[in-house]
Amino acid sequence: MIVIPGPSSLGLGWRVAERLGVEPTPVEHRVFPDGESYIKLTKPVAGEDVAIVQTTAPNPDMRFMQLLLMARTAKDFGAENIVAVVPYLAYARQDKRFTELEALSLDVIFGLLEASGVTDLVTINIHNEASTRGVEAKHGVRFHNLSAVPLLAEYLKKEHFDGAYSLSPDKGAIYIAEAASKVLLGGYNFFEKTRDRKTGEITMAVKDLDIKGRKAVVFDDMISSGGTMAKAVEALTQQGAERVAAACTHVLYMPGAEEKIRKAGADPIIATNTIETPFSRVSVAGLIADKLRELS
Ligand code: R5P
């Protein structure tokens with residue numbers, strides 16, 4: 001298998017190749033002054049299985065364009081299977097039309113990947129796996145979603161969060177808290193979050209939890225503005241939790257997010273390297289390599 005670390009995932013792509021025991025195949029790339037991306041593969045791919053590791057943040061539109069250029073070029077030059085490894089898949093939150101006449105962004109993304117020759121898409125903790133399966137059914141791209149939650153929980157266990165309570169900030173992410181509690185063994189629950197679709201304002205219905213003097217971890221798929229995480233952390237600190245950690249798979253690192261979450265009382269804030277940020281404490285390289293081994 002040829003592993004191409006894309007411009008947005010150079011470190012992770014190299015680590016995946018290393019785990020697979022193959023030499024990474026770099027891609028030649030640059031961005032022209034007008035913002036257009038240039039891509040050139042550096043090795044023949046005819047008859048080969050190709051895995052392209054390219055996350056789509058920050059700068060999702062450019063990162064997608066680069067991914068499409070890499071995939072289509074591999075297709076044009078005769079690659080057999082093309083696996084797009086997109087650890088953080090941008091646009092996945094728009095997986096249905098919430099109001100009339102909205103773009104169904106995730107469907108558009110699948111269509112573009114398919115047209116560019118992608119045969120398999122590998123993601124980590126996509127926003128909503130069930131909705132994504134619905135989109136997958138309309139396209140000829142096989143979709144594989146992996147979970148980094150046990151890895152995050154294992155990390156926290158070593159950081160003295162063994163026995164901590166696991167919490168998700170909304171019902172949709174309850175599966176994350178449940179998976180984490182299998183490692184931390186301290187029980188799990190969820191808060192009810194609603195977000196105003198126009199203003200983005202978050203309201204959280206907080207339950208009384210028996211959390212006084214206990215450690216807790218808020219687990220979510222992503223931190224964007226930090227509003228969701230901050231509200232959940234604050235609810236736990238206000239109920240007397242001894243220490244609260246904030247953990248998620250993807251940190252989009254928006255301005256002000258860290259400050260908001262720290263102010264609410266979180267320590268530490270941890271994430272994976274699906275997007276490289278100062279919070280990346282857990283590597284998903286092994287998880288991806290195992291999947292690629294299975295697919296090859
Ligand atoms: C939403 O349902 C997601 O699971 C996250 O909770 C959300 O995207 C986080 O966004 P923010 O950090 O802006 O509150």
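Because the structure is predicted, anything quoted here is derived from the model rather than measured.

A. Examining the packing of helix 2 (residues 60-76) against helix 3 (residues 105-115) more closely. Look at helix 2 against helix 3: their axes get within 9 Å of each other, and the N-to-C directions meet at 30°. Between helix 2 and helix 3, the angle is such that the two are roughly parallel. For the pair helix 2 and helix 3, the contacting residues are F64, L67, L68 and K75 in the first and I109, L112, L113 and A115 in the second.

B. Structural context of the site of the ligand. In the vicinity of the ligand lie 15 residues, with D220, D221, S224, S225 and T228 positioned nearest. Within the side chain of K193, one N or O atom sits 3.2 Å away from an oxygen atom of the ligand. D221 places a polar side-chain atom, nitrogen or oxygen, 2.5 Å from an oxygen atom of the ligand. Here the ligand loses 91% of its free accessible area of 370 Å² to cover by the protein chains. At the level of secondary structure, the elements contributing two or more residues to the shell around the ligand comprise strand 10 (192-195), strand 12 (215-223) and helix 7 (227-238). It is strand 12 that provides the largest number of residues to the shell around the ligand, a total of 4 residues. For the shell around the ligand, a count of residues per class yields 3 nonpolar, 6 polar and 6 charged.

C. A look at the pattern of salt bridges. Applying the stated rule across the entire model yields 12 salt bridges. We note a salt bridge from D290 to R293, for which the minimum N-O separation is 2.9 Å. Taken together, the residues span about one helical turn, with D290 and R293 both in helix 9 (residues 285-295) at a distance of 3 residues. D290 sits in the partly exposed class, given a relative accessible area of 47%. A single network of salt bridges, built from pairs that share partners, joins E129, R133 and E136.

D. Structural view of the packing of helix 3 against helix 4 (residues 129-136). Contact geometry for helix 3 and helix 4: axes closest at 10 Å, N-to-C directions at 50°. It follows from the interaxial angle that helix 3 and helix 4 lie oblique. With respect to the hand of their crossing, helix 3 and helix 4 are arranged in right-handed fashion. Facing helix 3, whose interface residues are L106, D107 and F110, helix 4 presents T132, V135 and E136. Looking at the contact of helix 3 with helix 4 residue by residue, the class counts come to 3 nonpolar, 1 polar and 2 charged.

E. Spotlight on the packing of aromatic side chains. This structure, assessed with the given rule, holds 3 aromatic pairs. Here the aromatic rings of F64 and Y91 are separated by 5.9 Å at their centres, their planes lie at 40°, and the arrangement is tilted. Remark: Y91 occurs in the loop between strand 5 (82-85) and helix 3 and F64 occurs in helix 2; sequence separation between them is 27 residues. Exposure remark for Y91: the relative accessible area of 35% places this residue in the partly exposed category. A centroid spacing of 6.2 Å and a plane angle of 70° characterise the contact between F110 and F143, whose relative ring orientation is edge-to-face. With F110 in helix 3 and F143 in strand 7 (residues 142-146), this residue pair connects regions lying 33 residues apart in the sequence.

F. Quick look at the nonpolar core. Residues I4, I52, L89 and L121 are the most contacted members of the largest nonpolar core, which totals 36 residues. It is helix 2 that provides the largest number of residues to this core, a total of 6 residues. Apart from residues lying up to four places away in sequence, I4 is in contact with T25, V27, L41, V50, A51, I52, V53 and M70. In this structure, A232, A235, L236 and A266 belong to the second largest nonpolar core, which totals 27 residues.

G. Here's a closer look at the domain arrangement of the chain. As assigned here, the chain comprises domain 1 (2-147 + 283-295) and domain 2 (149-273). One C-alpha centre belongs to domain 1, the other to domain 2; they are set 28 Å apart. Interface of domain 1 and domain 2: buried area, both sides summed, is about 1,200 Å²; carbon and sulfur atoms make up 55% of it. The interface formed by domain 1 and domain 2 holds 7 residue pairs in polar contact (both at pLDDT 80 or more) in total.

H. Focus on the sheet that holds strand 9 (residues 188-190). Spatial ordering of the open sheet is given by 9-8-12-13-14-15, a layout of 6 strands whose pairing is parallel. Taken across any chain shown, the strands that pair with only one partner, and hence form the sheet edges, are strand 9 and strand 15 (280-282). When the angles between neighbouring strand axes are averaged without regard to direction, this sheet yields 35°. Note: strand 8 (residues 165-168) against strand 12, 3 bridges, orientation parallel.

Rules of the game
- Residues numbered from 1 in each chain as written.
- Predicted model: local features only at pLDDT ≥ 70, side-chain atom pairs only at ≥ 80, totals over all residues.
- Heavy atoms only, no water.
- Axes fitted to C-alpha atoms, helices over the stretch in contact; angles between N-to-C directions.
- Helix = DSSP H or I, 4+ residues; strand = E, 2+ residues; numbered from the N terminus.
- Parallel < 35°, antiparallel > 145°, perpendicular 65-115°, else oblique.
- Contact = heavy atoms within 4.5 Å.
- Near = heavy atom within 4 Å.
- Polar contact = N/O pair within 3.5 Å; in protein donor to acceptor, adjacent residues only side chain to side chain.
- Areas by Shrake-Rupley, 256 points an atom, 1.4 Å probe, with all protein chains shown as cover.
- Nonpolar A, V, L, I, M, F, W, Y, C, P; charged D, E, K, R; others polar.
- Salt bridge = Lys/Arg side-chain N within 4 Å of Asp/Glu carboxyl O.
- Buried < 20%, exposed > 50% of the residue type's maximum accessible area, 1.4 Å probe, protein only.
- Left-handed = near helix turned anticlockwise from the far one by under 90°.
- Phe/Tyr/Trp six-rings, centres within 6.5 Å; stacked < 30°, edge-to-face > 60°.
- Core = buried A, V, L, I, M, F, W, Y, C linked by side-chain atoms within 4.5 Å.
- Domains from an automatic or database assignment.
- Buried area = accessible area lost by both parts, 1.4 Å probe.
- Pairing = 2+ DSSP bridges.

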